[in-house]
Amino acid sequence: MEYAIEMRRELHKIPEPGFKEFKTQAFILNQIRSYPENRVSYDTFETGVFVRVKGLTGNRTIGYRADIDGLPIEEATGLPFCSEHPGFMHACGHDIHASIALGLLRRIVELPVMDDVVFLFQPAEEGPGGAEPMIKSPLFEKYRPSEMYGLHVAPEYPVGTIASRPGVLFASAREVHITIYGQSGHAAFPHLTIDTVVAQAALIMQLQTIVSRSINPMNCSVITIGKVEAGIRENVIAGRALLDGTMRALNGTDMEKLEQRVREIVRGIEASFGVKIDLQFGNRYYEVVNDQNVVNKFSSFVKMNATYIECDAAMTGEDFGFMLKEVPGMMFWLGVNNATSGLHQPTLNPDEEAIPFVINLLDHYFREYV
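Residues numbered from 1 in each chain as written. Predicted model: local features only at pLDDT ≥ 70, side-chain atom pairs only at ≥ 80, totals over all residues. Heavy atoms only, no water.

Caption draft 1: Main features of unusual backbone geometry. Looking along the chain, the bond that leaves Gly127 and enters Pro128 is cis, with omega of 5 degrees. Tracing the chain through its elements places Pro128 in the loop between strand E4 (116–122) and helix H4 (131–136). For His344, which is not glycine, the phi torsion reads 65 degrees and is therefore positive. (Helix = DSSP H or I, 4+ residues; strand = E, 2+ residues; numbered from the N terminus.)

Put into structure tokens, the structure is as follows:
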């Protein structure tokens with residue numbers, strides 16, 4: 001367990017963006033290469049890693065996924081092992097996820113279980129998305145598991161708590177990128193320009209009507225514009241404006257409706273304000289849908305050994321949904337006892353006691369209950 005916590009602290013120092021996790025991949029490979037070749041095999045995919053630990057019989061294959069990328073957030077934890085990469089931090093707990101995988105991998109190498117266990121160290125969960133290309137790789141067929149498991153740290157739950165549910169756990173998510181083109185000019189002569197800031201403001205307000213007026217109020221959807229840019233100074237009318245946002249929905253039909261209404265409103269803004277708009281939708285993350293039978297089996301086991309909570313679905317986006325479309329399995333929340341700081345915040349500092357807790361839990365589960 002000291003090994004797994006050490007892994008977490010070393011990984012925490014080197015957060016990297018999606019598909020640029022070069023140091024992280026090298027660190028993981030350095031750990032894997034220390035194990036006997038007759039027990040462990042591996043392949044790299046982009047900046048990720050596929051690893052197989054041979055079981056005593058190998059009749060089945062259990063899959064465990066850990067994402068490894070960081071976020072462009074300046075760390076403010078004050079930890080002695082804080083990020084060494086300015087402007088980047090493991091603010092979503094992926095260092096915890098990866099260290100749990102490394103600790104569990106080591107345990108299973110030293111004390112084999114009956115089944116093969118495949119570990120997927122996945123890049124780019126925070127974007128542009130590593131799960132989909134990973135499962136489309138021929139390597140996925142080589143390592144394909146019969147069941148898949150994954151976890152995500154949850155600051156709001158105490159250590160020793162597991163939370164999940166059958167069916168939809170996390171929402172479908174899709175990025176929206178909008179560029180508005182007009183005509184810049186002097187602020188004193190607006191009639192000679194096409195003001196993209198005014199169009200931008202109108203567009204933002206109209207986008208906020210989609211959920212309240214186009215989606216069934218009994219369903220859950222979100223449109224958030226998180227980044228807005230325009231202009232160069234106070235007395236120059238902006239000829240270009242940018243908006244970046246995200247859309248979330250708990251079912252595919254509502255996601256399609258969100259996309260349709262965004263397109264329609266964009267066309268209306270073009271006609272109303274005389275601007276031209278480039279609309280781009282980013283990669284869509286599918287809903288994380290937990291298999292009923294897998295959840296029933298896992299939750300029954302957890303209730304005998306820890307605290308299990310059947311939680312509500314969340315509007316969180318997670319590309320693990322791509323993997324669960326291919327292989328039955330589940331994702332669960334892992335309590336890390338940090339209620340004062342949430343995910344994607346610069347002060348996030350999960351309780352490391354969650355690491356040995358869940359390694360022991362999963363080891364016991366893979367050994368006797370899967």
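Caption draft 2: Quick look at the UniProt feature "active site" (unreviewed entry) in the chain. Taken from the UniProt record, the annotation "active site" (unreviewed entry) applies to Asp67 and Glu126. Across 60 residues in sequence, these annotated residues keep their C-alpha atoms within 9.0 Å of one another, forming a single compact spot. Tracing the backbone through its elements, the reader meets Asp67 in strand E3 (residues 61–67). Apart from residues no more than four positions distant in its own chain, Asp67 is found in contact with His94, His97, Ala98, Gln122, Glu125 and Glu318. Polar side-chain contacts of Asp67 include one of 3.1 Å to the side chain of His94. Mapped onto the secondary structure, Glu126 falls in the loop between E4 and H4. Judged by its relative accessible area of 23%, Glu126 is partly exposed. If sequence neighbours within four positions are ignored, Glu126 has contacts with Asp69, Gly70, Leu71, Cys92, His94, Tyr285 and His344. (UniProt positions renumbered as here; feature names shortened; annotations may be inferred. Contact = heavy atoms within 4.5 Å. Polar contact = N/O pair within 3.5 Å; in protein donor to acceptor, adjacent residues only side chain to side chain. Buried < 20%, exposed > 50% of the residue type's maximum accessible area, 1.4 Å probe, protein only.)

Caption draft 3: Quick peek at the domain arrangement of the chain. Here the chain is partitioned into domain 1 (2–168 + 287–368) and domain 2 (172–283). Taken together, the contacts link eight residues of domain 1 with 11 residues of domain 2. Carbon and sulfur atoms make up 60% of the area that domain 1 and domain 2 hide from each other, which totals about 720 Å². When the area that domain 1 buries against domain 2 is broken down by residue, the three leading residues are Pro128, Glu287 and Met315, summing to 68%. On the surface where domain 1 and domain 2 come into contact, there are zero salt bridges. (Domains from an automatic or database assignment. Buried area = accessible area lost by both parts, 1.4 Å probe. Salt bridge = Lys/Arg side-chain N within 4 Å of Asp/Glu carboxyl O.)

Caption draft 4: Inspection of the pattern of salt bridges at higher detail. Going through the model one piece at a time under the given rule, you end up with 23 salt bridges. Across the pair Asp43 and Lys142 runs a salt bridge whose closest N-O atoms are separated by 2.8 Å. Here Asp43 is found in strand E1 (residues 40–45), whereas its partner Lys142 is found in helix H5 (residues 138–143), with 99 residues between them in sequence. One salt bridge connects Asp363 with Arg367, and the closest N-O pair in it is separated by 2.5 Å. Placement of the pair is Asp363 and Arg367 together in helix H11 (residues 354–368), with a separation of four residues, close to one helical turn. We classify Arg367 as partly exposed; its relative accessible area is 27%.

Caption draft 5: Spotlight on the sheet that holds E4. Taken together, eight strands build an open sheet; the order of strands is E1-E2-E4-E3-E5-E16-E6-E14 and the sheet is mixed. Bordering the open sheet on either side are E1 and strand E14 (307–310), each of which pairs with just one other strand. The average undirected angle you get between the axes of adjacent strands in this sheet is 25 degrees. Summarising the sheet, strand E5 (residues 147–154) and strand E16 (residues 329–335) pair through seven bridges and their orientation is parallel. (Pairing = 2+ DSSP bridges. Axes fitted to C-alpha atoms, helices over the stretch in contact; angles between N-to-C directions.)

Caption draft 6: Here's a closer look at the UniProt feature "domain: Peptidase M20 dimerisation" (unreviewed entry) in the chain. Those places that UniProt annotates as "domain: Peptidase M20 dimerisation" (unreviewed entry) correspond, in this numbering, to residues 174–267. Note that residues 174–267 is 36% helix and 34% strand, and that its end C-alpha atoms are spaced 20 Å apart.

Caption draft 7: Representation of the environment of Val266 in the model. Of note, Val266 is situated in helix H8 (residues 252–273). Considering only alpha carbons, one finds Val266 and Glu326, 60 residues apart in sequence, at a separation of 35 Å. In this structure, Val266 is in contact with Leu203, Ile277 and Leu279, ignoring residues within four places of it in sequence.

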